[in-house]
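In case you want the letters, here they are:
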Amino acid sequence: MAPVTSPQPAAIENRTMTINMGPQHPSTHGVLRLEVTVDGEVVTKVKPDIGYLHRCFEKYAESLGDYAKVVPYTDRIDYVSALHQEMGYVIAVEKLLELEVPERVEYMRVILAELQRIASHLLGIGTFGLDLGAFTPFLYCFIERENILRILEKVSGARLLYNYLCVGGLMRDIPTDFTSDTWEFVTSFRPKIKELNDLLTTNSIFIDRTANIGVLPAEVALNYSASGPMLRGSGVSWDLRKNDPYSIYDRFEFNVPVGQGEMGTVGDCWDRYIVRVREMEESLKIIEQALDQMPGEGDVKEAVPRRIRSKEGEVYVRTETPRGELGYYIISEKSGPYRIKARTPSFVNLSILPAISKGALVADLVAIVGSIDIVLGGVDR
Amino acid sequence: MVQTLKKSWTTFKTIFTGMGVTMRHLLQPSVTLRYPEERDELPSGARSKLFVHIDDCIGCKLCERACPVNCIAIETVQATKDVDLGKTSTGNPKRFWITTFNIDMSKCMYCDMCVPPCPTECISMVPEYEYSEYDRNNLLFQFSELSADKVTEVKEKAEKEQEEKQRKKKEAARKKKAQKADQTSKAKQKNSEG
């Protein structure tokens, strides 16, 4: 009789495990799936899986055959900062057609864009806090965002997808109480930033969860061609409004806040967060100056062509959205657009995620994704 | 030890600063609305539903062409000579029967691009936003007021007039040809006589 050998317990292997984060994960801000390889609690590899929101923007824009009809589609690229997407596209087409835009329209565009930047940052900051378990600031951010949306709704008629800018001008006249509404908002919003600082910025728990987490060195950021708060958080002062001014941004005085590593290392999650907070203050400064300088009268539809006659040519225009550099590359033929390409900051910034989340804890991965502030509409287009 | 105590103290302090902010908000009036009972007022020009004053429509199809998602479908029939469709409230003469004017609100993306081109300002956005339906087909809004009988009648009439026109055209052409032939034959005769 052969001796019965009890099966030896296999030596505990040091194996890694692959888990899914998303596509329905509350912290992925949309439909993003992350394939996370973890060794215990430590992340060894992250692979973002994108494409759930792909809507064929580029091909659709080309097939429409009319430059004016594309504008409502650009809204839907990055629905949190729709006006910036419109603005980039409209400026690109204007450059292609060599159109001059009236002063009043330019000022109006800048004011609206900066209001939208504040609204977008409020949402970014609010959801970032939400990811880390701070629910209250999220609600307070939304109260303020609501005030901006009210102004924008009064102006354009819609709350999220405005379709307010058109090639050569604006879709509607500016309402008479726009200036007073905006002044009211600007004065009421300043003290709220302090409140936000009390709630999040200086909060010890928040600092513990964000400082020294997801450090993105300036060199890596540049190599991945990051832009916006992602790049500025790493200490690189690069803002297209300052470095390559478009529209009338060269007329305003404002600073470019950069991350200085006040709570930890330069380029950590806290730095990216604080850049957004400080940018809101700078946006307020721009709005105040623009409101002072804006010409009181003028037809906003003066330069709008009745029918856009396409021209042959090639143009690339880049603008600074709340998330970074948005570029539109248009190749045009006599019959209409041949190629419209959108370079969205969300997509480029997301590609850094695998590089900076190596070695982080799973809980920190949530903070890192939140600090990138992606919009999946912008990633997938 | 000192470090730990310091850390604890800052944590304690910052938490209570945050609590203070929350406390202040608690004493402020509420910002939320209890939706079905309370409603916020929409600003003028809010984009929520398309409406067409069909009496003012002249059938130019400019809105149909401006729509990026093709949610507007218009069919028109030219009015015959014996009918006068009158004028719109803006004074434009109406020359077409609008046999179909359908707007599919399930396709509409509320971009407002169809409103500015309208020459008679008959298509517009109305501030009505509670029109959800269980069936998608109910979101197809038909604005044409002509009955099916009327449409066929109008179509037949228009076709007849068209045929008549064609016939007359042909006849005129034939006559012209005959005249020409006549003239040439006469000229030939003259030539031969001469």
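Not measured: the values here are computed from a predicted model.

Rules of the game
Residues numbered from 1 in each chain as written. Chains lettered and ligands numbered in written order. Predicted model: local features only at pLDDT ≥ 70, side-chain atom pairs only at ≥ 80, totals over all residues. Heavy atoms only, no water. Contact = heavy atoms within 4.5 Å. Buried area = accessible area lost by both parts, 1.4 Å probe. Salt bridge = Lys/Arg side-chain N within 4 Å of Asp/Glu carboxyl O. Polar contact = N/O pair within 3.5 Å; in protein donor to acceptor, adjacent residues only side chain to side chain. Helix = DSSP H or I, 4+ residues; strand = E, 2+ residues; numbered from the N terminus. Nonpolar A, V, L, I, M, F, W, Y, C, P; charged D, E, K, R; others polar. Pairing = 2+ DSSP bridges. Axes fitted to C-alpha atoms, helices over the stretch in contact; angles between N-to-C directions. Core = buried A, V, L, I, M, F, W, Y, C linked by side-chain atoms within 4.5 Å. Buried < 20%, exposed > 50% of the residue type's maximum accessible area, 1.4 Å probe, protein only. Patch = residues over 30% accessible without salt bridge, like charges linked within 9 Å, V, L, I, M, F, W, Y side chains within 5 Å. Areas by Shrake-Rupley, 256 points an atom, 1.4 Å probe, with all protein chains shown as cover.

Some words on the interface of chain A and chain B
Contacts between chain A and chain B engage 29 residues on the former and 28 residues on the latter. Here chain A and chain B share an interface that buries about 2,300 Å² over both sides, 52% of which is from carbon and sulfur atoms. Residues Lys7(B) and Asp208(A) are paired through a salt bridge, measuring 2.9 Å at the closest nitrogen-oxygen approach. For the interface between chain A and chain B, the tally reads 14 residue pairs in polar contact (both at pLDDT 80 or more). Only helix H1 (57-64), helix H2 (67-75), helix H5 (135-156), helix H6 (178-201) and helix H7 (204-210) of chain A provide two or more residues apiece to the side of chain A that touches chain B. Considering each element in turn, the side of chain A that touches chain B owes the most residues, seven residues, to H5(A). For the side of chain A that touches chain B, the per-class residue count stands at 13 nonpolar, seven polar and nine charged.

Quick notes on the sheet that holds strand S6 (residues 313-321) of chain A
Hydrogen bonds between backbone atoms are what pair the strands of a sheet, whose relative direction is either parallel or antiparallel. Residues and elements named next belong to chain A. Strand order in the open sheet formed by three strands is S6-S7-S8, with antiparallel pairing between adjacent strands. Here the strands that pair on one side only, and so sit at the sheet edges, are S6 and strand S8 (336-343). Geometrically, the sheet is characterised by an average inter-axis angle of 15 degrees between neighbouring strands, direction not taken into account. Taken together, the seven bridges between strand S7 (residues 324-333) and S8 define a ladder with antiparallel strand orientation. What sits directly across from Glu-333, in S8, is Gly-336. Set on the sheet, H2 makes contact with S7 and S8; between it and S7 the angle comes to about 155 degrees. Relative to the sheet, helix H3 (residues 82-97) contacts S6, S7 and S8, its axis offset from that of S6 by approximately 150 degrees.

Some words on the nonpolar core
Judged by nonpolar contacts, the single largest core of 138 residues is most densely connected at Tyr89(A), Tyr164(A), Tyr273(A), Phe101(B) and Ile103(B). No other element matches helix H4 (residues 103-131) of chain A, which puts 13 residues into this core. Not counting residues within four places of it along the chain, the set of residues in contact with Tyr89(A) comprises Tyr67(A), Val70(A), Val71(A), Thr74(A), Tyr328(A), Ile330(A) and Ile340(A). With five residues, the next largest nonpolar core counts Val77(B), Ala79(B), Trp97(B) and Ala158(B) among its residues.

Points about a nonpolar patch on the surface
A surface patch of nonpolar side chains, amounting to about 640 Å² of accessible area, comprises Ile205(A), Trp9(B), Phe12(B), Ile15(B), Phe16(B) and Met19(B). Broken down by element, the nonpolar patch gets its largest block of residues, five residues, from helix H1 (residues 2-27) of chain B. Relative to the helices and strands, Ile205(A) is located in helix H7.

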